[in-house]
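Understanding the architecture of this molecule
Each chain is listed here by its residues.
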Amino acid sequence: MTLKTLLSAAAALAITAGVGQAQTVGFSQIGSESGWRAAETTLTKQQAEERGIDLRFSDAQQRQENQIAAIRSFVAQGVDAILLAPVVATGWDSVLEEAKEAEIPVVLLDRQVDSPDDLYLTAVGSDLVHEGKVAGEWLANTVKGEDCRVVELQGTTGSSPAIDRKTGFEQGIEGHDNIEIVRSQTGDFTRAQGKEVMESFLQAENGGQDICALYAHNDDMAVGAIQAIKEAGLQPGEDILVVSIDAVPDIFKAMAAGEANATVELTPNMAGPAFDALEAYWKDGTVPPKFIQTDSKLYTPADDPQGEYESRKDLGY
Ligand code: AHR
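These notes cover the structure that comes with them. Numbering of residues starts from 1 in each chain and follows the order in which that chain's sequence is written. Where local features are concerned, this predicted model is filtered to residues with pLDDT of at least 70; where side-chain atom pairs are given and counted, the filter is 80 or more; whole-chain, interface and lining totals use all residues. Only hydrogens and water are removed before side-chain values are computed, so all heavy atoms of the structure are retained for them.

Things to note about the packing of helix α8 (residues 219–231) against helix α9 (residues 249–256)
Under the convention used in this document: Only the stretch in contact is used when a helix axis is fitted, and all axes are lines through C-alpha atoms; the angle between N-to-C directions ranges over 0 to 180 degrees. The secondary structure listing takes helices from DSSP runs of H or I that are at least 4 residues long and strands from runs of E that are at least 2 residues long, numbered from the N terminus. Just so you know how the angles are binned, under 35 degrees is roughly parallel, over 145 roughly antiparallel, 65 to 115 roughly perpendicular, and the rest oblique. Handedness of a helix crossing follows the sense of rotation of the near helix relative to the far helix, less than a right angle counterclockwise being left-handed and clockwise being right-handed. Contacts are assigned to residue pairs that have any heavy atoms within 4.5 Å of one another. Under the convention adopted here, Pro, Cys and the residues Ala, Val, Leu, Ile, Met, Phe, Trp and Tyr are nonpolar, Asp, Glu, Lys and Arg are charged, and Gly plus all remaining residues are polar.
Running from amino to carboxyl end, α8 crosses α9 at an angle of 40°, the nearest separation of the two axes being 9 Å. Taken as axis vectors, α8 and α9 run oblique relative to one another. Considering how the two elements wind past one another, α8 and α9 form a crossing that is left-handed. Facing D219, A222, V223 and I226 of α8, the residues of α9 in contact are D250, I251 and A254. Taken together, the residues of the contact of α8 with α9 sort by class into five nonpolar, no polar and two charged.

With respect to the sheet that holds strand β3 (residues 81–84)
Note the following rule: For two strands to be treated as a pair, DSSP must find at least two bridges joining them.
Pairing is parallel in the open sheet, where six strands are placed in the order β2-β1-β3-β4-β5-β11. Both edges of this open sheet fall to β2 (54–59) and β11 (291–293), since each of them pairs with a single strand only. Averaged over all pairs of adjacent strands, the angle between strand axes in this sheet comes to 20°, irrespective of strand direction. Direction of pairing for β3 relative to strand β4 (residues 106–109): parallel, over a ladder of three bridges. From the neighbouring strand, L83 faces β4, where its bridge partner is V107. Each of β1 (24–29), β2 and β3 touches helix α3 (residues 64–77); the most contacted strand, β1, lies at about 175° to it.

Some remarks on the site of the ligand
To be explicit about the condition: We call a residue near a molecule or strand whenever a single non-hydrogen atom of that residue lies within 4 Å of it. In the analysis that follows, any N or O atom pair within 3.5 Å is treated as a polar contact, provided that within protein one partner can donate a hydrogen and the other can accept it, and provided that, for residues neighboring in sequence, both atoms belong to side chains. Each accessible area is a Shrake-Rupley estimate made with a 1.4 Å probe; only the visible protein chains count as cover when residues are assessed. An automatic or database domain assignment supplies the residue ranges for each domain.
The ligand sits among E33, S34, W36, R37, D110, R111, P161, R165, F189, N218, D246 and L266. R37 is positioned such that a nitrogen or oxygen atom in its side chain is 2.9 Å from an oxygen atom of the ligand. At 2.8 Å from an oxygen atom of the ligand is found a side-chain nitrogen or oxygen belonging to R165. The fraction of the free accessible surface of the ligand (280 Å²) that becomes covered by protein chains is 100%. Of all the secondary structure elements, the ones that give two or more residues to the shell around the ligand are α2 (35–50) and α6 (160–173). Among the residues making up the shell around the ligand, the classes are represented as four nonpolar, two polar and six charged. Of the domains in this structure, domain 1 (3–126 + 268–286) and domain 2 (128–266 + 300–312) are the two that each give at least three residues to the shell around the ligand.

Some remarks on the sheet that holds strand β7 (residues 179–186)
Strands belonging to one sheet form pairs held by backbone hydrogen bonds; the direction of such a pair is parallel or antiparallel. Taken together, the six strands give an open sheet; going across it, the order is β7-β6-β8-β9-β10-β12, and neighbouring strands pair in mixed fashion. Looking at strand neighbours, the two that pair on one side only are β7 and β12 (298–299), the edges of this open sheet. Taken together, the three bridges between strand β8 (residues 213–216) and strand β9 (residues 241–246) define a ladder with parallel strand orientation. Within the sheet, the bridge partner assigned to Y215 lies in β9 and is V243. Sheet contacts for α8: β6 (148–154), β8, β9 and β10 (262–265); angle to β9, the most-contacted strand, approximately 155°.

Focus: the pairing of β2
In plain terms, the rule: Looking down the strands as they point away from you, a crossover is right-handed if its path from the first strand over the helix to the second goes clockwise.
Inspection of the sheet shows β1 paired to β2 by six bridges, in the parallel sense. Paired with S28 across the bridge in β2 is S58. Running through α2, the crossover from β1 to the neighbouring parallel element β2 is right-handed.

Encoded structure:
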């Protein structure tokens, strides 16, 4: 019997013995646009299984209307809670009100919404502005007053990480007149679009000769862009500095090869703190804080990128 089977059997026994009821949780996931997203899905499923939670998973394939339909379906099924990773920040009020009326707690994962905060129980995520700021400060400290023309790959338009990571980066470079964002466009958080948009940046910027640094709102877009830089005959990490966000295994691989310079970590384990909060809420009505913040650690080549790659590569990324 494997450890996984043993854990499931123990959870089932606890339920039979009346220790607790199996809770049902609907999870409306954005899709699978990035390695980070895939890891979050894997870890959420694992966490649910370990805790004996019946998880109903819905993949929205990047569309808000699919997420709204999924939430309505979870409400109709009478689930005990809903996890929502919202693709964009606006347009959630009505459906969140429906969940609230049905007394189903909603927990936001990794992205924020613009709705009033009484429409959800709590939000688990990082300080997205801070992440961008850390990236901007890293660049300012690295170029040390040298002129630096930056190209920016933004995340999905209208999503809270795209909005906040842009704001944060601008804060990080504030007061450093030597640094200028010369081009900024969405790459939708995907590797393929990161590459495609970087190719257009390179073309527009004298084959890349006029670009000093790339700031990408996630590692997947950075990995795509690194490929484009190499195909343009330049050395990523040297000719063009690369700073991004997530800390997925592939960016550590690139860092170990000298092709990426810095990443800010976003843990894909949002479900652990979310289920902890829900379990306390179900047990005795404990109301969690509105925001449960995860860490945002900066990694550079000084942090053993090969070791980081090895330790993360099997985590479902
Ligand atoms: O919302 C978190 C972001 O969404 C991650 O940085 C990115 O990789 C993902 O697709």
